[in-house]
Amino acid sequence: MRQAEGPAGDKSTLAAEVYDRIAEELMSGVLAPGTRLKIRELSDRMGVSVTPVRDAILRLVNNGALSFQSPRDIRVPFLERARYLEIRAIRLELEGLAAERAAQLANSRQLAMLDDLVVRNEQALLRGDQMEALRMNQRFHLALTEIAGMPILRGLVENLWLQMGPLIASGYGAGGRVMIEHHHPVIDAIRNGDGEAARAAIRTDIMKGGEVLLTRGSLAAERRPASPPVGRALQS
């Protein structure tokens, strides 16, 4: 049933919830590169009016997670190689910092959470459930920023994953064990309180997975024309 919209604050909250749902689908690979998003269809699927969906879509476009070609042509973009390499370089620094800080601060409960995420990722891979494996992979990386206690850093990393998620999903299956095997040394380093080793391990994970994405992921074949301004009203 479609949810009614109340006061302005409720509309803002609803738009944030819709944003989070679409963001999760981008980061976990449910929305693949090239997918065209239709505001009316999203509205019907999520059981809300078009207004919060439109607001969420515009925010995702502004964050670089979606490509706005026209009000009726909003798509999950194919990353160009140069853009991917820039994002990867930033991830190496930011996620390296998160892992290093996590090694200094992690408690037994947080270590158990990381162990559980890796186990669930392993189980999903064994049964061929790529979507669940992708979700566990994403949560593992973001969990490091949570353990590090750096909410600003988490926001930055999450924004990068919004842009990277569809590409990671497109090449994840081809990566096999490469996409998870380096998570174990990350946890070992955090358990030992070795920040330098934790930083090195997560950087190795990003680089090794990146090699797969460069050869097997859905990168753009050529530079696409720049998107037009998004200031105009989105249509359903």
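Notes on the structure in this doc start here.

Reading the values: rules and limits
Residues numbered from 1 in each chain as written. Predicted model: local features only at pLDDT ≥ 70, side-chain atom pairs only at ≥ 80, totals over all residues. Heavy atoms only, no water. Helix = DSSP H or I, 4+ residues; strand = E, 2+ residues; numbered from the N terminus. Buried < 20%, exposed > 50% of the residue type's maximum accessible area, 1.4 Å probe, protein only. Contact = heavy atoms within 4.5 Å. Areas by Shrake-Rupley, 256 points an atom, 1.4 Å probe, with all protein chains shown as cover. Expected span 1.5 Å × (residues − 1). Salt bridge = Lys/Arg side-chain N within 4 Å of Asp/Glu carboxyl O. Core = buried A, V, L, I, M, F, W, Y, C linked by side-chain atoms within 4.5 Å. Axes fitted to C-alpha atoms, helices over the stretch in contact; angles between N-to-C directions. Parallel < 35°, antiparallel > 145°, perpendicular 65-115°, else oblique. Left-handed = near helix turned anticlockwise from the far one by under 90°. Nonpolar A, V, L, I, M, F, W, Y, C, P; charged D, E, K, R; others polar. 1 Å grid on protein atoms, 1.4 Å probe; cavity = no way out; pocket = protein on both sides within 12 Å on 5 of 7 lines; lining within 4 Å. Points joined across faces, edges and corners; volume = space filled by probe spheres on them. Pairing = 2+ DSSP bridges.

### Some points on the overall build of the protein
- For the protein, the helix and strand inventory stands at 9 helices and 3 strands.
- In the protein, the succession of helices and strands from N to C terminus is α-β-α-α-β-β-α-α-α-α-α-α.
- Across the 236 residues in the protein, those meeting the buried criterion constitute 47%.
- When contacts within the protein are restricted to residue pairs at least 6 apart in sequence, those whose partners lie at least 24 apart make up 80%.
- Only carbon and sulfur atoms are counted for the fraction: they give 50% of the accessible area of the protein, which is about 11,300 Å².

### Considerations on helix H7 (residues 151-175)
- Taking 1.5 Å per residue, 25 residues should reach 36 Å; H7 reaches only 30 Å between its end C-alpha atoms and comes up short.
- Among the residues trailing H7, Gly 176 stands out with phi positive, at a value near 55°.

### Quick notes on the pattern of salt bridges
- In the structure shown here, the tally under the stated rule is 15 salt bridges.
- Put simply, Asp 129 and Arg 127 hold a salt bridge, and the shortest N to O gap is 3.7 Å.
- What you see here is one network of salt bridges that share partners, running through Asp 116, Arg 120, Glu 132 and Arg 135.

### Re the side chain of Glu 25
- The residue Glu 25 is located in helix H1 (residues 8-27) in this model.
- Filtering out sequence-adjacent residues up to four positions away, Glu 25 remains in contact with Val 30, Leu 31 and Arg 45.

### So, the nonpolar core
- Within the largest apolar cluster, 71 residues are counted, with the highest numbers of intra-cluster contacts made by Ile 22, Leu 26, Ile 57, Leu 66, Phe 140, Leu 144 and Ile 190.
- Setting aside anything within four residues of it in sequence, one finds Leu 26 in contact with Leu 31, Leu 60, Ala 65, Leu 66, Val 76, Leu 162, Gly 165 and Pro 166.

### Topic: the packing of helix H6 (residues 130-147) against helix H8 (residues 183-191)
- Closest axis-to-axis distance for the H6/H8 pair is 12 Å, and the angle between their directions is 25°. What the angle tells us is that H6 and H8 run roughly parallel. Pair H6 / H8 crosses with left-handed handedness. Only His 183, Val 186, Ile 187 and Ile 190 of H8 make contact with H6, whose side of the interface consists of Asn 137, Phe 140, His 141 and Leu 144.
- A breakdown of the residues in the contact of H6 with H8 according to their chemical character gives 5 nonpolar, 3 polar and no charged.

### Looking at empty space enclosed by the protein
- Using the criterion set out here, one finds 2 cavities of 30 Å³ or more in the structure.
- Estimated volume of the largest cavity: approximately 140 Å³.
- Lining the largest cavity are 17 residues, with Arg 91, Ile 168, Met 179, Asp 205 and Gly 209 positioned closest to its centre.
- Broken down by secondary-structure element, the contributors of at least two residues to the lining of the largest cavity are helix H4 (81-105), H6, H7 and helix H9 (195-216).

### Observations regarding the sheet that holds strand E1 (residues 36-37)
- One open sheet accounts for 3 strands, arranged E1-E3-E2; its pairing is antiparallel. Because the sheet does not close on itself, it has two edges, and the strands there are E1 and strand E2 (67-70).
- Here E1 runs beside strand E3 (residues 73-75); their pairing, made up of 2 bridges, is antiparallel. Bridging across to E3, Arg 36 finds its partner in Arg 75.

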